[in-house]
Amino acid sequence: MNKNLQPQVKLNNGLLIPQLGLGVWKTPNDQTAQTVEQAIINDYCLIDTAKQYGNEAGVGEGLKRGLAAAKRQRQDIFLTTKIFNGDQGDYDKLRAAFNQQLVALGTDYVDLLLLHWPVNDKYNESWRALEDIYRDGQAKAIGVCNFNVERLQDLLDHATIKPAINQIEFSPLIHQPEIVKICQENDIKVEAWSPLGNGRLLANPLIAKLAEKYHKTPAQVILRWAIQQGIIVITKTTHANRMVENAAVFDFAISPADMEAIDQLDEEKHSIWYDKFKWSGNPDGVDDYIADPDHF
Ligand SMILES: NC(=O)c1ccc[n+]([C@@H]2O[C@H](COP(=O)([O-])OP(=O)(O)OC[C@H]3O[C@@H](n4cnc5c(N)ncnc54)[C@H](OP(=O)(O)O)[C@@H]3O)[C@@H](O)[C@H]2O)c1
């Protein structure tokens with residue numbers, strides 16, 4: 001990938017974010033250093049992790065090795081992590097936990113810090129801590145994940161600083177138009193997680209047909225569909241050849257008619273595990289969620 005071909009998107013505080021990045025959900029910590037190193041060598045500029053993924057130390061190691069191998073600097077990489085649900089709701093606890101995340105990542109700032117989930121009764125207090133983390137320069141931008149219209153509106157009613165990003169599930173299988181609309185109206189950029197439907201979309205017959213038509217792979221067609229709508233995309237792979245493949249999506253365009261055909265794949269259904277999250281401030285719901293790392 002030629003990194004110069006990769007567009008950047010301006011966030012509402014002026015910070016530029018690469019439009020495509022690598023996520024490391026489900027990448028075991030002992031494979032993460034190698035994966036992140038490979039991504040940096042292959043010109044990736046954005047790495048997305050979370051405390052919940054259990055691989056921030058691997059990301060830190062991969063960052064160090066990748067930057068040395070590629071002769072790149074820390075500021076060339078846009079690093080995102082997220083606040084763990086169990087650390088939410090208590091200002092001091094959240095800030096102490098985040099300081100430990102920085103240690104694991106081997107850096108004194110992240111480019112983007114996100115609330116991983118809108119845990120009821122806790123997200124507004126958590127946001128207050130994120131605002132101070134931002135003011136103190138430990139995060140260059142702050143945002144949220146998985147906020148629906150109601151919760152985002154509530155956060156905006158209480159916030160001093162607007163979120164820069166809402167990272168949501170977004171792919172041809174799930175478009176979430178209502179939340180995308182409110183984000184656009186508030187200059188909050190939408191960032192897509194599971195843009196390949198966690199791999200589910202790769203064998204779709206329509207996608208295969210379009211891949212043949214555009215001389216691209218199924219993954220490239222799916223990622224291009226989101227990119228072409230101005231969405232920031234985080235995709236996951238542990239394979240270097242797929243990293244290169246997934247990033248080569250800035251040299252072709254899908255026609256409006258084919259964009260519409262892909263739109264028709266919409267099922268407007270979240271991944272199965274999503275509905276298991278109880279959106280709850282009640283410890284049972286949150287504990288269920290935290291206990292099963294496969295569920296996010
Ligand atoms: N904020 C949140 O709540 C949240 C939730 C979920 C995810 N995320 C973030 O979003 C990132 C992306 O989501 P995701 O991991 O679900 O998935 P994804 O990018 O939609 O799909 C990843 C799957 O597709 C495979 N794959 C990737 N590129 C491929 C290619 N070119 N050809 C064939 N197979 C390919 C990967 O396998 P291999 O690894 O074997 O190549 C993996 O099984 C996560 O890593 C995480 O950073 C955030």
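Structural data are supplied above this passage.
What you are looking at is a predicted structure, and each value in this text was computed from that prediction instead of being measured. Each chain carries its own residue numbering, running from 1 in the direction its sequence is written. In keeping with the model being predicted, local features are shown solely for residues with a pLDDT of at least 70 and side-chain atom pairs are shown and tallied solely at 80 or more, while totals for entire chains, interfaces and linings include all residues. Only hydrogens and water are removed before side-chain values are computed, so all heavy atoms of the structure are retained for them.

Outline the overall build of the protein, listing residues and values.
Each helix is a run of DSSP H or I of at least 4 residues and each strand a run of E of at least 2, with the numbering of both proceeding from the N terminus. Within the protein one finds eleven helices and ten strands. By residue count, 56% of the 296 residues in the protein fall in the buried class. The contact rule is simple, with two residues in contact once any of their heavy atoms fall within 4.5 Å. A sequence separation of at least 24 residues applies to 75% of the contacts in the protein between residues at least 6 apart. Shrake-Rupley sampling with a 1.4 Å probe provides the accessible areas, and residues are treated as covered by the protein chains on show and by no other component. Total accessible area computed for the protein in this model is approximately 12600 Å², and 48% of it derives from carbon and sulfur atoms. Throughout, exposure labels follow a simple rule: accessible area from a 1.4 Å probe, protein chains only, divided by the maximum for the residue type, with under 20% read as buried, over 50% as exposed, and the rest as partly exposed.

An account of the nonpolar core is needed here, citing residue identities and associated values.
Working definition of a nonpolar core: buried Ala, Val, Leu, Ile, Met, Phe, Trp, Tyr and Cys residues. They are joined through side-chain atoms within 4.5 Å. Counting residues in each nonpolar core, the largest one holds 72 residues, and the members touching the most others are L113 and L152. If we ignore the near neighbours within four places in the chain, the residues touching L113 are T81, K82, I83, F98, L130, I133, A139, A141, I142 and G143. I17, C145, I232 and I234 belong to the second-largest nonpolar core, a separate cluster that totals 13 residues.

Describe the layout of surface pockets, listing the residues and the values that go with them.
Of the volumes computed, that of the largest pocket is approximately 540 Å³. Along the wall of the largest pocket there are 31 residues; nearest its centre are W25, S194, N198, T235 and K236. Mapped by element, the contributors of at least two residues to the lining of the largest pocket are β10 (232-235) and α9 (240-247). No other element matches the three residues that α9 contributes to the lining of the largest pocket. Each residue is assigned to one class: nonpolar for Ala, Val, Leu, Ile, Met, Phe, Trp, Tyr, Cys and Pro, charged for Asp, Glu, Lys and Arg, and polar for all the others, Gly among them. Residues of the lining of the largest pocket, tallied by class, amount to 13 nonpolar, twelve polar and six charged. Both site types are read off a 1 Å grid over the protein atoms alone. A 1.4 Å probe that fits but cannot get out defines a cavity, while an open set with protein on both sides within 12 Å along at least five of seven lines defines a pocket; lining residues have an atom within 4 Å of a point. Grid points are joined across faces, edges and corners, and a volume is the space filled by probe spheres set on the points.

I'd like a rundown of the pattern of salt bridges, residues and numbers included.
Each salt bridge in this description consists of a side-chain nitrogen of Lys or Arg and a carboxyl oxygen of Asp or Glu lying within 4 Å of one another. Scanning all chains against the criterion turns up 14 salt bridges. Residues R95 and D136 are paired through a salt bridge, measuring 2.8 Å at the closest nitrogen-oxygen approach. Of this pair, R95 sits in helix α3 (residues 91-105) while D136 sits in the loop between α4 (123-135) and β7 (142-145); the two residues are 41 residues apart in sequence, bridging distant segments of the chain. Given a relative accessible area of 16%, R95 falls into the buried group. One salt bridge in this structure joins K189 and D187, with 3.2 Å as the shortest N-O distance. Relative accessible area serves as the criterion here: at 22%, K189 is assigned to the partly exposed category. With relative accessibility at 35%, the residue D187 sits in the partly exposed group. A single network of salt bridges, built from pairs that share partners, joins E37, E61, K64 and R65.

Can you lay out the side chain of K216 for me, pointing to particular residues and giving the numbers?
Here K216 is to be found in the loop between α7 (205-214) and α8 (218-227). Given the relative accessible area of 17%, K216 is considered buried. Among the polar contacts made by the side chain of K216, one reaches the side chain of D251 at a distance of 2.9 Å. Contacts of K216, omitting those with residues within four sequence positions, involve A211, V221, A248, D251 and F252. Any N or O atom pair separated by 3.5 Å or less is treated as a polar contact, with the protein-specific requirement of one donor-capable and one acceptor-capable atom, and with residues adjacent in sequence counted only for side-chain atom pairs.

Could you give an account of the packing of aromatic side chains, with specific residues and numbers?
Here the aromatic set is Phe, Tyr and Trp, taking the six-membered ring for Trp, and pairing holds for ring centres within 6.5 Å; pairs whose planes are under 30 degrees apart are stacked, those over 60 apart are edge-to-face, and all others are tilted. The full count for this structure, using the stated rule, is three aromatic pairs. The interplanar angle of 70° and the centroid separation of 5.2 Å between the aromatic rings of Y123 and F147 together place this pair among those described as edge-to-face. Pair noted here: Y123 is in helix α4 and F147 is in the loop between β7 and α5 (149-158), with a separation of 24 residues, a long-range link. Residue Y123 shares its accessibility class with F147, and that shared class is buried. Geometrically, the ring pair formed by Y214 and F252 is tilted, given 6.0 Å between the ring centres and 55° between the ring planes. Taken as a pair, Y214 in helix α7 and F252 in the loop between α9 and α10 (256-263) lie far apart in primary sequence, 38 residues in all. Taking relative accessible area as the criterion, Y214 reaches 16% and is therefore assigned buried.

Requested: an account of the pairing of strand β9 (residues 189-193), with residues and values cited.
For β9, a buried count of four out of five residues is recorded, marking the element as mostly surrounded by other parts of the structure. Here strand β8 (residues 165-169) runs beside β9; their pairing, made up of five bridges, is parallel. Across the sheet, the residue bridging to Q167 is E191, located in β9. Viewed along the sheet, the connection from β8 through helix α6 (residues 177-185) into β9 turns out right-handed. At least two bridges found by DSSP between two strands is the condition for calling them paired. Bridging between β9 and β10 involves two bridges; their strand directions are parallel. For a crossover, the right-handed case is the one in which the path from the first strand over the helix to the second runs clockwise, viewed with the strands pointing away from the viewer.

Before we move on, could you go through the site of the ligand and cite the residues and values that matter?
Residue proximity to a molecule or strand is established when one non-hydrogen atom of the residue lies within 4 Å of it. With respect to spatial proximity, 28 residues lie near the ligand, and among them D48, S194, N198, T237 and R242 are the closest. The contact in question runs from an oxygen atom of the ligand to an N or O atom on the side chain of H116, over 3.5 Å. L196 places a polar main-chain atom, nitrogen or oxygen, 2.8 Å from an oxygen atom of the ligand. Burial of the ligand by the surrounding chains reaches 90%, relative to a free accessible area of 920 Å².

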